[in-house]
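# A closer look at the structure
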Amino acid sequence: MGREFAPLPATGPPVGEQPGLSYRDWATRLLEMGYEPLPIKPRTKEAVAKGWTTVHIDAAQVEAWASAFPDHGIGLRTGWLVAIDIDVLDPDCAHGLQALAVARFGPTLMRVGLWPKHLLLYRTDVPFVKMKVGQVEVLAQGQQFVAFGIHPKTQKPYGWPFGETPLDVAFDQLPLITKRDIEAFLAEAAALFPAEETGSRRRESRAGVQSSGHAPVRDKNGLVIDGRDGWLSSIAYHAVWDAMDAGGTPEPVALADRVWDRFAETTDLTRGKKDGEVGYSRADALQKVRDKLGLAKKGRLPARNLTDLQPVVVEPGLPLEEARARLDAVIGEFATRAEAWHANSQVDAAPRIGIRASVGLGKTAVSRRHLLELQARLKADGLPHRLLIVTPSLALADESAAAWRQGDLKVAVHRGYEAKQPGRKEIMCRDIDMVRMATKAGLPVFPNTCLRKGGVKCHAFELCPKQWNRDDVEKADIVLAAYDALYTGLPVSPEKLALVLIDEGCWVRSVKETGLYLHDLRQPDAVDEQRSGDADHEAEAWAALFALRYKAADALQANGRGPLSRQVLLDKGLSVSDCATAGVMEIQLRVDPGLRPGMYQSERKKAFELSKAAQKSVAREALFLAMERLLAGEAEQDGRIVLRPSDPETGVQAIKVMGLHQIDPALASLPILHLDATLRPDLAETVLPGLEVTEITAAMPHMRLKAVQGRFGKTTLVQDAKASRAENTRRANRLRECVNHVRWEAARVSPRTVLVVTHIDLESAFAGIPNVSTGHFNAIAGLDIYKDVALLIVIGRPMPSEDALAELSGVHLGHVPQGKLVERNAGLLMREGTRRAYRVRQHEDPTAELLRAAICDDEIVQAIGRGRGVNRTVDNPLEVQVLADVALPMLHDRVVAWESILPDLLQRMLLAGIAVDSPADAAVLHPDMFENEKQAQKAMERWGFKRHFPMSNTYRGMSLKSARYRRSGRGRSWQTAYWISVNADVVRAEMVSALGPLDGWSLG
């Protein structure tokens, strides 16, 4: 016959103070309900039974403990039981976390000790070790919590606000969750409710206790000492909402009692209200409750919903073959239109087509096939047939050239004057100083430094690799070049070219930047000789130009630092025609440095000085053109002219003028096909106006994308000479965690390979890891050599600064951004159709955000594309992990917090060779990790390993080998060793070498 149990109050009377709620009386009932009850030292959270983390708890064990600890409190061991401990004192945040858990896993039992902290109960079929993110800890294998007892701080019983307790709800009735569920929950928790800021962002209260935001100020014991009235109001708000959520009619007095109890437990009541003589009372709680109920009755009580998510738009993907057919059709249509344009004598505007297609669809190969077929037809008809292919870099141009070399076609890669010679360190030009002087002076390079029509040529002309390259390009059927050639033009007669193919985005490379100083507008010019035949007219022109320069200087000075305002120019009397005239006069009166091919060294000193003077004139011309554009527009500021702060030592003030290179007119008039996996029409239009864009997105069913919530920016990982020693140590530790993560993942997928893409400053940290290749941002697009990697890991992101975004917004879109970079919550789209919260860094201004996403997010998409996810199959899947605060427009399979996957103590030991569950042996085997046995034991406990590792022969996706061993000597117990791939005899030999003789060794 079963034991008789007395009725139990919903909130539970204090253990040891009210009869019938001691371990002796209730532990057996909890065991029968499926839980594992532990005796808890009264008024503490301490489990007192020896070996409680691993001992088998059955009826006999409970009876023994009930005899030894009859009046103790009751704890529940976790493992099969899982508890989400929300250790948060902000009531809004605490409720939000509770609501998030309920939304994800369903309603469950909830225990409260010190309100507003909560603990929620769940169960699992596969136990796991504890996990923690911020102030949310998931109690799991080898841990426990107090279910019934006296809270050590409040000195009041732990409560179960929903009425039911583990004595009422059986273990197998709790919601079932998995480790993966918890990882996803913690990632969302980190996004929706990030931990309180630390360091310089926190403020000091008047009592010297740190507080953040609008939270109340607490003393060292956690009691609210400042902001008490707001704290009472917050407690009442949540109590009223709790009552309404539970259904029924809220009873003000009962609610006020609950509010007052919570307020009294958490607040310093030794002072009166506002430091007066009258103190807080239960009447104040009742008044707050009535106020909230009144607002609720009128429908004006603010809701306490989860934070709204900004959904990330994900284009639905076409089946692979359908997407490829669509791509083939669009490129084929372009070829047809280009052919018709040439056949019709180039009467109408040439077709200008842009294609945004998923990486790996084969857009380069498809375009090559269609364009080579088109070339053959054009050549047969006697029409222009040469093709220009532009790529992001010379390296990609060289790589692509081999694929274009078909049949007897001549293929050449165009190289600039300062480009490296193929396979050598030397640059192409033999007289680069002359080239640089011509460039400074704004003069065409070839006639001024290489060869003039009269036959005057550079002394190295015949032996110059640059000239050899010009000849090759002139004769080629197909020319490949880097983006810069779009703006500088080519040594090819334009009428011989059939079209231009632009592979990947080129808008970033279109920016041109000119700098000058404010005093450059007021200084006289270097004049070598008279510029025209009419000296009087020239003198008048100089006078008029200087008057306009001085007006411009006055306007800039009046404007002060920052973007130039249109109204300031108007106030100083400058007009659109004034600025246009000044720009033309700068050209007409510009000093001629007298450059010519083969110039003697003795003449170059003067030419060099004059070219510097001409360079200033070029800068002033750019300034006047930018002013003309600002005055002609409607915006008060367009961000293209920016005044820098004055130099604190010299007082000199710099002016930055931003503009866009225009595509060479001869090239711009040709048919253009623009292929870019991340093409953004608004930005592409700044370089290619009138672009007709087609988007083709392919599904990637065999690519698995995992987003990892955490901080992985350069300021988190890269050492900084200006940072403190402690800060650089923290960065080094985080980088070491990332390296260990890559090492673990590489071992997991071995013998297949891993690609890591990160910041250039961090790339070397991952070099040398077996089975790992590395790349860095802005040097990875277009590469095809990583198409078979098993795992692709992106660490960090190329985040532009706010100043950089402001400049790019101005130069590309004529807009000065408002706002700043902020953290917000995005809703990532999961493969099953749900949305998950993810903390990202974005700009408040839509224009600046467009540019941030194009620079940052699109580069990560390009990096992911190196794995060719669209081409993967069930036999060759691709895993992708993105460790960055970005919201990618892709289907995600998992969202996890970094804290839940970063290499733990066991993994670090395994990566070092051998992991053991004995703290003493671990200290001997890993002296670089532990100073002594005590430190090893504490480290194991901190990671949730209480003198044992709760696992079988797999751990975090890795297959492990193991052996039971026992060291020689009296009193030695059996321990377990684990390793990854080393031979067992080698492991045993290493352990004997470190630990001494082993009396026992048994392979697992």
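If you check an unreviewed UniProt entry, the protein appears there as DNA primase/polymerase bifunctional N-terminal domain-containing protein from Neogemmobacter tilapiae.

## Looking at the pattern of salt bridges
What the rule picks out here adds up to 53 salt bridges. Where Glu321 meets Arg324, a salt bridge forms, and the shortest distance between an N and an O atom there is 3.9 Å. Here Glu321 pairs with Arg324, and both are found in helix H8 (residues 320-343), just three residues apart, close to one helical turn.

## So, the UniProt feature "domain: DNA primase/polymerase bifunctional N-terminal" (unreviewed entry) in the protein
The positions that UniProt labels "domain: DNA primase/polymerase bifunctional N-terminal" (unreviewed entry) are, in the present scheme, residues 27-178. What you have in residues 27-178 is 20% helix and 26% strand, and the ends, taken at the C-alpha atoms, are 27 Å apart.

## What about the sheet that holds strand S31 (residues 835-843)?
Spatially, three strands are ordered S14-S30-S31 in an open sheet, and the strand pairing comes out mixed. The open sheet is flanked by strand S14 (310-311) and S31, the only strands paired with a single partner. Relative to S31, strand S30 (residues 821-829) is paired through nine bridges, and the arrangement is antiparallel. Within S31, the position partnered with Leu821 by the bridge is His843. Seen against the sheet, helix H4 (residues 179-192) touches S30 and S31 and runs at an angle of roughly 35° to S31.

## What to know about the sheet that holds strand S39 (residues 998-1003)
Read across the open sheet, the four strands follow the order S34-S38-S37-S39; overall the sheet is antiparallel. With one partner strand each, in any of the chains shown, strand S34 (915-916) and S39 form the two edges of the open sheet. Two elements, strand S37 (residues 961-967) and strand S38 (residues 975-979), share five bridges in a ladder whose sense is antiparallel. Within S38, the residue paired with Tyr965 across the bridge is Gln975. Across the face of the sheet, helix H30 (residues 984-995) comes into contact with S34, S37, S38 and S39 while running at roughly 155° to S39.

## Regarding the packing of helix H22 (residues 725-749) against helix H27 (residues 905-912)
Relative orientation of the contacting elements H22 and H27 amounts to 70°, with a least axis distance of 10 Å. Judged by the angle between their axes, H22 and H27 are roughly perpendicular. By crossing handedness, the relation of H22 to H27 is classed as left-handed. Along its contact with H22, which presents Asn740, Arg743 and Trp744, the element H27 presents Gln907, Arg908, Leu910 and Leu911. Among the residues forming the contact of H22 with H27, the class breakdown is three nonpolar, two polar and two charged.

## Topic: the packing of helix H3 (residues 91-105) against H4
Axis separation between H3 and H4 bottoms out at 11 Å; the angle between their running directions is 145°. H4 is crossed by H3, and the crossing has right-handed handedness. Residues Leu97, Leu100, Ala101, Arg104 and Phe105 of H3 form the contact with H4, whose own contacting residues are Asp181, Ile182, Phe185, Glu188, Ala189 and Leu192. Residues that form the contact of H3 with H4 fall into these classes: eight nonpolar, no polar and three charged.

## A word on the side chain of Thr391
Its location among the elements puts Thr391 in strand S16 (residues 386-391). Residue class for Thr391 comes out buried when judged on its relative accessible area of 2%. In this structure the side chain of Thr391 is engaged in a polar contact, spanning 3.4 Å, whose partner is the backbone nitrogen of Ala397. Not counting chain neighbours up to four residues away, the residues in contact with Thr391 comprise Leu396, Ala397, Ser400, Ala481, Ala482, Tyr483 and Asp503.

## Here's the deal with helix H29 (residues 933-942)
By the burial criterion, the buried members of H29 are Ala936, Ala939 and Met940. Across the axial projection of H29, the buried residues extend over an arc of 100°, all falling on one side. Facing away from the buried side of H29 by over 90 degrees, the exposed positions are Lys934 and Arg942. The inward-facing, buried residues of H29 contact H27, S34 and helix H28 (919-925). Two or three places before Lys934, at the start of H29, stands the capping residue Asn932, its side-chain oxygen 3.2 Å from that residue's backbone nitrogen. Just downstream of H29 lies Gly944, where phi reads positive at about 90°.

## Some details on the state of the cysteines
Under the definition given, this model contains zero disulfides. Left without a disulfide partner, Cys429 is nearest to the cysteine sulfur of Cys464, which lies 5.0 Å away.

## Remarks on the pairing of S30
Of all the nine residues making up S30, seven are buried; the element is thus mostly covered by neighbouring parts of the structure. One ladder, built from two bridges, connects S14 with S30; its direction is parallel. The residue bridging Pro311 from the neighbouring strand is Gly827, located in S30. Here S30 hands over to S31 after five residues, with Gly833 in that stretch at a positive phi of 105°.

## Details of H8
Between its first and last C-alpha, H8 extends 35 Å over 24 residues, near the 34 Å set by a 1.5 Å rise per residue. Within H8, the full set of buried residues consists of Ala323, Leu327, Val330, Ile331, Gly332, Phe334, Ala335, Ala338, Trp341 and His342.

## Looking at the nonpolar core
Judged by nonpolar contacts, the single largest core of 63 residues is most densely connected at Ile84, Ile182 and Leu186. Of the residues forming this core, the biggest block, nine residues, is contributed by helix H5 (residues 228-246). Look past the residues within four positions of Ile182 in its chain and what remains in contact with it is Ile84, Phe105, Phe128, Met131, Val138 and Ile177. Counting 41 residues, the second-largest nonpolar core is a separate cluster that includes Trp341, Leu490, Ile502 and Ala848.

## Considering the packing of aromatic side chains
One pass over the full model with this rule turns up 11 aromatic pairs. Seen in terms of ring centroids, Phe712 and Trp898 are 5.3 Å apart; in terms of plane orientation they differ by 90°. Their pairing is edge-to-face. Here Phe712, found in the loop between strand S26 (703-709) and helix H21 (714-717), pairs with Trp898, found in helix H26 (residues 898-901); they are 186 residues apart in sequence, far enough to count as distant. In this structure an aromatic cluster arises from ring pairing among Phe105, Tyr122 and Phe185. The ring of Phe712 carries the charged tip of Arg734 above its face, separated from the ring centre by 5.5 Å.

## Things to note about the pairing of strand S24 (residues 672-675)
What you see with S24 is no split at all: Ile672 and His674 on one side and Leu673 and Leu675 on the other are buried throughout. Pairing of strand S15 (residues 352-357) with S24, which is carried by four bridges, proceeds in the parallel orientation. Looking at S24, one finds that Arg352 is bridged to Ile672.

## Let's talk about unusual backbone geometry
Cis peptide bonds are those with omega within 30 degrees of zero, and the linkage from Trp115 to Pro116 qualifies with 10°. Structurally, Pro116 is set in the loop between strand S4 (110-111) and strand S5 (118-124). The linkage connecting Ser750 with the following residue, Pro751, adopts the cis geometry, with an omega of 10°. With respect to the helices and strands, Pro751 occurs in the loop between H22 and strand S27 (754-758). A positive phi angle, near 65°, is found at Ser345, a position not held by glycine. For Ser345, the location among the structural elements is in the loop between H8 and S15. Positioned with a positive phi, Glu504 is a non-glycine residue whose angle comes to about 80°. Along the polypeptide, Glu504 turns up in the loop between strand S19 (497-503) and strand S20 (511-517).

So, how was this worked out
- Residues numbered from 1 in each chain as written.
- Predicted model: local features only at pLDDT ≥ 70, side-chain atom pairs only at ≥ 80, totals over all residues.
- Heavy atoms only, no water.
- Salt bridge = Lys/Arg side-chain N within 4 Å of Asp/Glu carboxyl O.
- Helix = DSSP H or I, 4+ residues; strand = E, 2+ residues; numbered from the N terminus.
- UniProt positions renumbered as here; feature names shortened; annotations may be inferred.
- Pairing = 2+ DSSP bridges.
- Contact = heavy atoms within 4.5 Å.
- Axes fitted to C-alpha atoms, helices over the stretch in contact; angles between N-to-C directions.
- Parallel < 35°, antiparallel > 145°, perpendicular 65-115°, else oblique.
- Left-handed = near helix turned anticlockwise from the far one by under 90°.
- Nonpolar A, V, L, I, M, F, W, Y, C, P; charged D, E, K, R; others polar.
- Buried < 20%, exposed > 50% of the residue type's maximum accessible area, 1.4 Å probe, protein only.
- Polar contact = N/O pair within 3.5 Å; in protein donor to acceptor, adjacent residues only side chain to side chain.
- Arc of directions from axis to C-beta.
- Disulfide = S-S within 2.5 Å.
- Expected span 1.5 Å × (residues − 1).
- Core = buried A, V, L, I, M, F, W, Y, C linked by side-chain atoms within 4.5 Å.
- Phe/Tyr/Trp six-rings, centres within 6.5 Å; stacked < 30°, edge-to-face > 60°.
- Lys NZ or Arg CZ within 6 Å of the ring centre and 35° of its normal.

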